[in-house]
Amino acid sequence: MSSEVLPADLGFFSTLASAGSLSAAAREMGITTPAVSKHLALMESRLGVSLVIRTTRRMSLTPEGELYLAHARRILGDIDSMGELLGVSKATPKGLLRVNATLGFGRSHVAPLISKFVREYPQVEVQLQLSVNPPPLTEDAFDVCIRFGAPPDSRVISRRIAANRRLLCAAPEYLAKHGIPKVPNDLARHNCIGIRQGEEAYGVWRLSGGKGRSASTEAVKTRGNLATNDGEIAVKWALDGHGILMRAEWDIERYLRDGRLVRVLPQYDTPDADIHAVYPQRHQLAARVRAFVDYVALAFKAQEAGA
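Rules used throughout
All residue numbers refer to positions counted from 1 along the written sequence of the respective chain. Where local features are concerned, this predicted model is filtered to residues with pLDDT of at least 70; where side-chain atom pairs are given and counted, the filter is 80 or more; whole-chain, interface and lining totals use all residues. Side-chain numbers here rest on the full set of heavy atoms in the structure, without hydrogens or water. Helix and strand definitions follow DSSP, with helices as H or I runs of at least four residues and strands as E runs of at least two, each counted in order from the N terminus. Classification of residues uses two cut-offs on accessible area relative to the type maximum, computed with a 1.4 Å probe and protein chains only: under 20% is buried, over 50% is exposed, and between them is partly exposed. The contact rule is simple, with two residues in contact once any of their heavy atoms fall within 4.5 Å. Method remark: on a 1 Å grid restricted to protein atoms, a set of points is classed as a cavity if a 1.4 Å probe fits but cannot get out and as a pocket if it is open with protein on both sides within 12 Å along at least five of seven lines; lining residues have an atom within 4 Å of a point. Grid points are joined across faces, edges and corners, and a volume is the space filled by probe spheres set on the points. Basically, the charged four are Asp, Glu, Lys and Arg, the nonpolar ten are Ala, Val, Leu, Ile, Met, Phe, Trp, Tyr, Cys and Pro, and anything else, Gly included, counts as polar. Pairing between strands is defined by DSSP: at least two bridges between them are needed. Lines fitted to the C-alpha atoms define the axes, with helices restricted to the stretch that makes contact. Angles between their N-to-C directions range from 0 to 180 degrees. In these notes the angle categories are as follows: under 35 degrees is roughly parallel, over 145 is roughly antiparallel, 65 to 115 is roughly perpendicular, and the rest is oblique. In this scheme the crossing of two helices becomes right-handed for a clockwise turn of the near helix relative to the far one and left-handed for an anticlockwise turn of less than a right angle. A patch consists of residues whose relative accessible area exceeds 30% and which take part in no salt bridge; residues with like charges are grouped when within 9 Å of each other, and nonpolar side chains (Val, Leu, Ile, Met, Phe, Trp, Tyr) when within 5 Å. In this description, accessible areas are obtained by the Shrake-Rupley approach with a 1.4 Å probe, and a residue is regarded as covered only by the protein chains that are shown. Each reported salt bridge corresponds to a side-chain nitrogen of Lys or Arg within 4 Å of a carboxyl oxygen of Asp or Glu. A helix is expected to span 1.5 Å for every residue after the first. Arc, as used here, means the arc of the directions from the helix axis to the C-beta atoms.

(A) Focus on the overall build of the chain. Along the chain, the regular secondary structure elements total nine helices and 14 strands. Considering the chain as a whole, with its 307 residues, one finds that 43% of them fall into the buried category. Long-range pairs, those at least 24 residues apart, make up 71% of the contacts in the chain between residues at least 6 apart in sequence.

(B) Inspection of the layout of surface pockets at higher detail. Considered as a void within the structure, the second largest pocket measures approximately 360 Å³ in volume. When contributions to the lining of the second largest pocket are tallied by element, the ones reaching two or more residues are helix 5 (103-120), helix 8 (249-258) and helix 9 (287-306). Sort the elements by how many residues they give to the lining of the second largest pocket and helix 8 lands first, with four residues. Here the residues of the lining of the second largest pocket sort into seven nonpolar, three polar and four charged.

(C) The arrangement of the sheet that holds strand 12 (residues 245-248) in detail. What the three strands build is an open sheet, ordered 12-7-13; its pairing is antiparallel. In the strand order of this sheet, the two ends are held by strand 12 and strand 13 (262-263), each with one partner. Sheet analysis places strand 7 (residues 166-170) next to strand 12, joined by four bridges and oriented antiparallel. Note on strand 12: the bridge partner recorded for Leu168 is Met246. On the sheet, helix 8 packs against strand 7, strand 12 and strand 13 and is oriented at approximately 110° with respect to strand 12.

(D) Region of the structure containing the packing of helix 1 (residues 7-19) against helix 3 (residues 33-47). At a minimum axis separation of 11 Å, helix 1 and helix 3 run at an interaxial angle of 120°. Comparing their axes, helix 3 and helix 1 come out oblique. When the axes of helix 1 and helix 3 are compared, the crossing they make is left-handed. Counted together, Asp9, Phe12, Phe13 and Leu16 of helix 1 and Val36, His39, Leu40, Met43 and Arg46 of helix 3 form the full contact between these two elements. Its residues assigned to classes, the contact of helix 1 with helix 3 comprises six nonpolar, one polar and two charged.

(E) Just helix 2 (residues 22-29), in detail. Among the residues making up helix 2, those that are buried are Leu22, Ala24, Ala25 and Ala26. Buried-residue contacts for helix 2 involve helix 1, helix 3 and strand 2 (59-61). Looking one or two residues past helix 2, Gly30 carries a phi angle of roughly 75°, positive in sign.

(F) Here's a closer look at the sheet that holds strand 3 (residues 95-102). The mixed open sheet is built from five strands, whose spatial order is 4-3-5-14-6. In this open sheet, the two edge strands, each paired with only one partner strand, are strand 4 (124-131) and strand 6 (156-162). Across the sheet, the axes of successive neighbouring strands diverge by a mean angle of 25°, strand direction being ignored. Inspection of the sheet shows strand 3 paired to strand 4 by eight bridges, in the parallel sense. Directly across from Val99, in strand 4, lies its bridge partner Leu128.

(G) Highlighting empty space enclosed by the protein. Overall, the coordinates contain three cavities of 30 Å³ or more when judged by the stated rule. Forming the walls of the second largest cavity are Arg73, Arg74, Gly77, Asp78, Leu96, Arg98, Asp143 and Arg288. Counting only elements with at least two residues in the lining of the second largest cavity, the list comes to helix 4 (63-85) and strand 3. It is helix 4 that provides the largest number of residues to the lining of the second largest cavity, a total of four residues. Its residues assigned to classes, the lining of the second largest cavity comprises one nonpolar, one polar and six charged.

(H) Layout of a nonpolar patch on the surface. Taken together, the side chains of Ile75, Ile79 and Met82 define a hydrophobic patch exposed on the protein surface, amounting to about 260 Å² of accessible area. Looking at where Ile79 falls in the secondary structure, it is placed in helix 4. Residue class for Ile79 comes out partly exposed when judged on its relative accessible area of 44%.

(I) A look at helix 3. For helix 3, which comprises 15 residues, the first-to-last C-alpha distance of 21 Å matches the rise-based estimate of 21 Å (1.5 Å per residue) to within 8%. Turning to helix 3, its buried residues are Val36, Leu40, Met43, Glu44 and Arg46. Seen end-on, helix 3 carries its buried residues on one side only, within an arc spanning 165°. Facing away from the buried side of helix 3 by more than 90 degrees, the exposed set consists of Pro34 and Lys38.

If you want it as structure tokens, here you go:
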């Protein structure tokens, strides 16, 4: 029997994987469990590989099954996009939407918005992946990435969805014990909490001061006895009084309001870190992408207005 992938198999296997068991998939498809089992067996026979490990109650995917599923869902997403571009779907948001965001921001801000989004658009299936570093923009792994700073790559579309600044801060107890920096070079004598994220030079903080012709930027090489790739951990260390931290305003705003952290060198500016939604040009007319980006942008706009 020839090794081939049939178009009908893609949707079948995606539904099967989401259901988690043969019986649950059968109920969702409106067929019998033996029919699901037979369809799966025929697929595996044609391909010559095992896609699913079956147990009495549950099932799991083999490595080949995981690979098949990833490609199947990407192809199904492309088919949905083509239909939307041709107007077949009447611009109704539906289909698979793959979203990437950073760990802390994704957990505290993006995930709650997705929970509300799918209630409003139940035909959209969202897969959220959180990562320390943003994925390469040239890869076709995600439909939308929520990231800090506008990307330099002109092959993607970037929409600013919220303003954001990086601020220097520390606990009052730390500053009372070690003194308050007056100029950027004073940071070299302080314990600075390091965050290893993205492609930025680790341990180098850039601060700008002055206006017009007198404006200048200083690059300060910081040092300290604590470093992490998790921003949430770094904030907790700052709250514990271990040192000075540079962190996005969205992450420390509540601590600045209640006084548990205070700004350091507020007269100096740090590089912008506005929040952007980034997506490939070929997805710009996809209804599910447009709906999600618009939804997130409006939600952040409402938060800014409330603040």
